Each structure stands twice: as structure tokens, then as C-alpha cells.
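Inside the fold
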Amino acid sequence: EAGVAQSPRYKIIEKRQSVAFWCNPISGHATLYWYQQILGQGPKLLIQFQNNGVVDDSQLPKDRFSAERLKGVDSTLKIQPAKLEDSAVYLCASSPGWGDRGYEQYFGPGTRLTVT
Amino acid sequence: AQSVSQHNHHVILSEAASLELGCNYSYGGTVNLFWYVQYPGQHLQLLLKYFSGDPLVKGIKGFEAEFIKSKFSFNLRKPSVQWSDTAEYFCAVSFMTTDSWGKLQFGSGTQVVVTP
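This section reports on the structure supplied with the text.

Quick look at the overall build of chain A now. Tallying secondary structure elements over chain A gives zero helices and eleven strands in all. Ordered by position from N to C terminus, the α and β elements of chain A give β-β-β-β-β-β-β-β-β-β-β. Against the compact-globule benchmark of 13 Å for 116 residues, chain A has a radius of gyration of 14 Å, which places it among compact chains. Dimensions along the principal axes, computed over C-alpha positions, put chain A at roughly 45 × 25 × 25 Å. Taking all 116 residues of chain A together, 47% fall into the buried category. Long-range pairs, those at least 24 residues apart, make up 53% of the contacts in chain A between residues at least 6 apart in sequence. Only carbon and sulfur atoms are counted for the fraction: they give 50% of the accessible area of chain A, which is about 5800 Å². Of the charged side chains in chain A, 13 are positive and 11 negative; the average position of the first set lies 7 Å away from that of the second.

Shown next as C-alpha cells:
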């Protein structure tokens, strides 16, 4: 089966600019996650979707970050305006959301964002 | 608040040496436990997982981990490492509270370098 797809793979922007990341999860996976991974740290959950509804966005800086999953499949994560501290790898993951393997998350390759 | 800690940030060892990476969490309730690996230039992959049952779990590539509930630990082991095991290893915990279903909290990672 095809894995989690993300684009772009790399992005360099200046502070105060905006940027958007795209994620296509594994077909049939109900749950989609966005993580932020700062260099030297483990991934930190930003937002979790179940189908097209938000389950948890408690760690999302809502003044500048937004995410949507309109049709319960693809998702976009946006940052506007970007700050220097947003430089990180943004990971998308998906999981079936049900059954014995419902808790297993499959990760995409990530988007490495550099804010200058 | 729940937390996940990995004791070693960097480990360097020779081929054929044994590997053990520590992972501890703070939470008295039910947990699901995972080890993920990230090989150079690749995305995060699931090594092994523990949900319930036998506390000694076996994963891919000869890795195993033991859940010791009394110590809140889930240590990863491999009896004899190979150069190809050079990677970053992340412990992740899903704290099974009413509002955290499926959500993963990651440790900060351990960079393992295996020398020929």
C-alpha cells in the first residue's frame, strides 16, 4: 500500500511570510496527525483529526497555525505569519482509527521548514 | 502532566555489541508503548509496540523491548547490532486517558551510531 505523502519536502521562507504544507494519508485511514519536530527533540503533536473533525488541537498555536481536513482525506497545515522558531520538520501521520491496529501511526517523510 | 524520557541522547558502539536504550514514562494508568526508528534520510518507522499481554515484545530487525510496569519503563534491546542499525530511536507513549485516544507523546530520541 502507498505510504503517507507530504509536500513540499523542503521550504525556505523569510519571517512573517506564510507557508502551507500538504498531506495525503494512507487510503482508508480515519485519523490524521500533524507533528512538529524541532532539531534535537522528539515530534510534538500539533493537531489530530478523526475523519474531518478535530479531536485535539490543544498544542496548536492558533494565532498563527491553522489546519483543515475538509473531505476527511487530504489535509493542509498553514503558518501565517511564520517566526524564526517555527523552523522545524513538520510530520504528517495517519492511523486506521479502529480495530487492533487502530493505534499504529504511519509517518510521512516530513517537510523541513527553514525560516530566515 | 504525563511525560516520556529517554536516558541517553547519543550512543556509540561497535558492531556485534549489545544495545539497550532506556525509556521511562510518568503515568499510573493504562498506556500503549511504541519504539520508532528513523534511519538517515528516511521517515519514522515503527519498530515494535506493546498494548497488553506478554511484556516482552519482539519487533522487526531483531529488536525486542520489555515493559516493566512497576518501573514505568519500556527499554529497547538488541543482542548484536549491525552498522545498518545506525539511526535515531524514539520511544513513544499513548496515555489512555478519556481525551487522549491514539495521541502519542514522544521522548527526545537517542542517536545511535554503530562503528564497523
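Hydrogen bonds between backbone groups are what pair the strands of a sheet, and the pairing can be parallel or antiparallel. Residue and element names in this part refer to chain A. An order of β1-β3-β8-β7 is seen for the four strands of this open sheet, with the pairing classed as antiparallel. What marks the edges here is a single partner per strand, and that holds for β1 (5–7) and β7 (65–68). With direction set aside, neighbouring strand axes in the sheet form an average angle of 15 degrees.

So, about the packing of aromatic side chains. Applying the stated criterion to the full structure yields 16 aromatic pairs over all chains. With a centroid separation of 5.4 Å and an interplanar angle of 75 degrees, the aromatic rings of B:Y27 and B:F95 are classed as edge-to-face. You can see B:Y27 sitting in the loop between β4 (23–26) and β5 (31–38) and its partner B:F95 sitting in strand β10 (residues 87–95), a full 68 residues away along the chain. Among the residues examined, B:F95 registers a relative accessible area of 4% and is labelled buried. Geometrically, the ring pair formed by B:F63 and B:Y89 is tilted, given 5.6 Å between the ring centres and 45 degrees between the ring planes. Remark: B:Y89 occurs in strand β10 and B:F63 occurs in the loop between β7 (56–58) and β8 (64–68); sequence separation between them is 26 residues. Here B:F63 and B:Y89 have matching classes, each one buried. Ring-pair connections join several aromatic residues into one group, and the members of that group are A:Y33, A:Y35, A:F107, B:F34, B:Y36, B:F51, B:F90 and B:F106.

Residue and element names in this part refer to chain A. Following S7, the chain continues to P8 via a peptide bond in cis, the omega torsion being -10 degrees. Assignment of secondary structure puts P8 in the loop between β1 and β2 (10–13). Q80 connects to P81 through a cis peptide bond whose omega is -5 degrees. Even without a glycine there, the phi angle at N51 is positive, about 55 degrees. Its place among the elements puts N51 in the loop between β5 (44–50) and β6 (53–56).

Residues and elements named next belong to chain A. Overall, the coordinates contain two disulfides over all chains when judged by the stated rule. In this model C23 forms its disulfide with C92; the gap between the sulfur atoms is 1.9 Å. Its S-S torsion of about -70 degrees marks the bond between C23 and C92 as left-handed, since a negative value means left-handed. Of this pair, C23 sits in strand β3 (residues 19–24) while C92 sits in strand β9 (residues 88–95), placing them 69 residues apart in sequence.

Reading guide: rules and limits
- Residues numbered from 1 in each chain as written.
- Chains lettered and ligands numbered in written order.
- Predicted model: local features only at pLDDT ≥ 70, side-chain atom pairs only at ≥ 80, totals over all residues.
- Heavy atoms only, no water.
- Helix = DSSP H or I, 4+ residues; strand = E, 2+ residues; numbered from the N terminus.
- Rg over C-alpha atoms; globule rule 2.2 N^0.38 Å.
- Buried < 20%, exposed > 50% of the residue type's maximum accessible area, 1.4 Å probe, protein only.
- Contact = heavy atoms within 4.5 Å.
- Areas by Shrake-Rupley, 256 points an atom, 1.4 Å probe, with all protein chains shown as cover.
- Lys, Arg positive; Asp, Glu negative; His and termini not counted.
- Charge placed at Lys NZ, Arg CZ, Asp CG, Glu CD.
- Pairing = 2+ DSSP bridges.
- Axes fitted to C-alpha atoms, helices over the stretch in contact; angles between N-to-C directions.
- Phe/Tyr/Trp six-rings, centres within 6.5 Å; stacked < 30°, edge-to-face > 60°.
- Disulfide = S-S within 2.5 Å.

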